[in-house]
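Descriptive structure summary
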Amino acid sequence: MTQEIGGFAALGIHPSVLAAVTAVGYEEPSPIQAQAIPVILGGHDMIGQAQTGTGKTAAFALPILSKIDPARREPQAVILAPTRELALQVATAFETYAKQLPGVSVVAVYGGAPMGPQLKALRMGAQVIVATPGRLVDHLGRNDQLLSTIRMMVLDEADEMLKLGFMDDLEVIFQAMPESRQSVLFSATLPHSIRAIAEKHLREPQHIKIAAKTQTVARIEQAHLMVHADQKVAAVCRLLEVEDFDALIAFVRTKQATLDLASALEAKGYKAAALNGDIAQNQRERVIESLKDGRLDIVVATDVAARGIDVPRITHVLNVDMPYDPESYVHRIGRTGRAGREGRALLLVTPRERRMLQVIERVTGQKVGEVKLPTPQQVLDARIRKLTNGLAPLVSDAEGSHGELFDRLLGDLQCSPRALGAALLRKVTNGQSLSLAEIEREQPLVPNAGPQRERREREPFDSAAPRERRAPLPVSEGKARCRTALGTRDGIAAKNLLGAILNEGGLQREAIGRIQIRETFSLVELPEDGLDRLLGKLKDTRVAGKALKLRRYRED
Ligand code: AMP
């Protein structure tokens, strides 16, 4: 076993959970994990201030799973998440870490899916429930004893939960659990409302926060690129085409990712190698030596394996996966800009990680500007520039014997100088595409995961828009579209509808999505979670003197 796994082992998690973590390829605990795991294992209540990307899910999943009793087929832990996407993600993480724990099962309980399978999983004795509050309250409506055996509870992304108006549901859930339970709360921010919940429902909680000291990264030029997680390798390949680097170090989170990316880059013709904790120390040293002397140009590393690398020719640091915290970001990008040189640091950011980017900017006191994915035209220009730069010093050289050879080849091959030149170019460029059409074909479109896209999805309905743009819009995440027969001919405007739903439904503004007012009807997006209860609350609501009668709307 490598030394780094000792990092997790030393925290005291269950050996089968440790084995699962090793199998996933994590090398060492992230800072929030190192601090939170012993506290949760120790049975204390806890408040953790951490956002997505810090490794917070494993910070509570690993100790909770370590404490589950597989012999008892009843709910023992409940994790509350604000959206169904997060609930699914957390449930999948629990399943991964529980792979080697026979007899432990996890159920995801969220709205918008049939109750049947969820009820069945609960009946079968799932010990871990990962739920959105609305649907969990629906389940409690059927069985008020559902949570009576809970020993551990986690409130994940508590600030988001309150923004979505789940306060009342949370109270119902807290009341349904034994007071003796252990409670853990994670939140990116700790406004007064969250502190109030903690005061009421947690017992002498320990506070955990990763200290964010201001750090300086003066000589390093930084930029970020928005990208979807599954497009990262393609995005890296394109970026490298236009970046002028000497040596580059790319950071990823797992051993497997080091291997995958290094081989993708090798296949593209780069001199690349992986560096991770599984690679023996002497082999690691050889990789670093090769990077120093130019036998390698790219090393794809995990944070652990890259510790202490000091190679002056590194001009670029590419953060393919987000670091866990600003300190490790600063540490990573400090691999460039060595020995008084300038460096460039690039960071890939997925839509969910935007907040981490802001934290990094705050801590480093520098703006990390956005770059766009290079276009095929830019890729072509870069390829031609590199070719020209490579040839320039040779052209300035006297022709020498190669000039004579060229003439001889023209005669032997019976071709024009242009045809011979083209053949030689094809050979030196190793069949690389050097026309726009070929590059467009070879590099499938990688969409920029930019904020514009999300903004467009949230754009309110524009009543002045031409008819064809009135086709049904996709429903926003976590929302359900509902319809009322009231429209502009009934004197309804968006603000009347919004006001009525907010007041009568007891919701926060953020809980309501897009509103579309038409002549004879209107559509409004409401939280999928707890929708039936909300519609029940709004049953007698009247707007502009008429019955609202909201119903779930199904587009077929
Ligand atoms: P989270 O902050 O829980 O959303 O986790 C962010 C990502 O980090 C997830 O993709 C995890 O799989 C990954 N991750 C969590 N802990 C570790 C670790 N100790 N080493 C490597 N990757 C990790």
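The rules behind each value
- Residues numbered from 1 in each chain as written.
- Predicted model: local features only at pLDDT ≥ 70, side-chain atom pairs only at ≥ 80, totals over all residues.
- Heavy atoms only, no water.
- Pairing = 2+ DSSP bridges.
- Helix = DSSP H or I, 4+ residues; strand = E, 2+ residues; numbered from the N terminus.
- Contact = heavy atoms within 4.5 Å.
- Axes fitted to C-alpha atoms, helices over the stretch in contact; angles between N-to-C directions.
- Buried < 20%, exposed > 50% of the residue type's maximum accessible area, 1.4 Å probe, protein only.
- Patch = residues over 30% accessible without salt bridge, like charges linked within 9 Å, V, L, I, M, F, W, Y side chains within 5 Å.
- Areas by Shrake-Rupley, 256 points an atom, 1.4 Å probe, with all protein chains shown as cover.
- Salt bridge = Lys/Arg side-chain N within 4 Å of Asp/Glu carboxyl O.
- Near = heavy atom within 4 Å.
- Polar contact = N/O pair within 3.5 Å; in protein donor to acceptor, adjacent residues only side chain to side chain.
- Nonpolar A, V, L, I, M, F, W, Y, C, P; charged D, E, K, R; others polar.
- Domains from an automatic or database assignment.
- Buried area = accessible area lost by both parts, 1.4 Å probe.

Per an unreviewed UniProt entry, the chain goes by the name RNA helicase and belongs to Pseudomonas fluvialis.

Turning next to the sheet that holds strand β17 (residues 522-527). A sheet is described by the order of its strands in space; here 4 strands give the open sequence β16-β17-β15-β20, paired in antiparallel fashion. Each end of this open sheet is capped by a strand with a single partner; those strands are β16 (515-517) and β20 (551-552). Pairing of β16 with β17 involves 3 bridges; the strand directions are antiparallel. Its bridge partner being in β17, Q516 is matched across the sheet by L523. Against the sheet, helix α22 (residues 494-505) makes contact with β15 (479-484), β16 and β17, and its axis sits at roughly 135° relative to β16, the strand it touches most.

What follows is about helix α2 (residues 15-24). Considered for burial, the residues of α2 that qualify are S16, V17, L18, A20 and V21. Trailing α2 by a residue or two, G25 shows a phi angle of about 100°, which is positive.

Attention now goes to the side chain of H201. Here H201 lies in helix α10 (residues 192-201). Excluding anything up to four places from it in sequence, H201 contacts E171, F174, Q175, R181 and S183.

The next subject is a nonpolar patch on the surface. On the surface, a cluster of nonpolar side chains totalling about 460 Å² of accessible area is made up of L391, L394, V395, L425 and V428. Where the nonpolar patch is concerned, the elements lending two or more residues are α17 (376-396) and α19 (417-428). At 3 residues, the largest contribution of residues to the nonpolar patch is made by α17.

For the rest of this paragraph, the subject is the sheet that holds strand β12 (residues 314-319). Strand order in the open sheet formed by 7 strands is β10-β11-β9-β12-β13-β8-β14, with parallel pairing between adjacent strands. Each of the sheet's edge strands pairs with one partner strand only, and the pair in question is β10 (272-275) and β14 (369-370). Strand contacts of helix α13 (residues 281-293): β9 (247-251), β10, β11 (298-301) and β12, with the helix running at about 145° to β10, the strand carrying the most contacts. Seen against the sheet, helix α15 (residues 326-333) touches β8 (220-226), β9, β12 and β13 (343-349) and runs at an angle of roughly 150° to β12.

Close to the ligand lie 13 residues, the nearest being Y26, G55, T57, R253 and Y324. The separation between a nitrogen atom of the ligand and a polar side-chain atom of Y324 is 2.7 Å. Expressed as a share of its isolated accessible area of 500 Å², the protein-covered part of the ligand is 80%. A class-by-class count of the residues in the shell around the ligand yields 3 nonpolar, 7 polar and 3 charged.

A few words on the domain arrangement of the chain. Once the domains are mapped, the chain shows domain 1 (2-209), domain 2 (220-376) and domain 3 (469-552). The C-alpha centroid of domain 2 is placed 32 Å from the C-alpha centroid of domain 1. Listed per partner, the contact involves 23 residues of domain 1 and 18 residues of domain 2. When domain 1 packs against domain 2, the two sides together hide about 1600 Å² of surface, and 48% of this comes from carbon and sulfur. Put simply, domain 1 and domain 2 have 3 salt bridges between them. In this structure, D159 and R355 form a salt bridge, with 3.6 Å as the shortest nitrogen-oxygen distance. Between domain 1 and domain 2 we count 2 residue pairs in polar contact (both at pLDDT 80 or more) in total.

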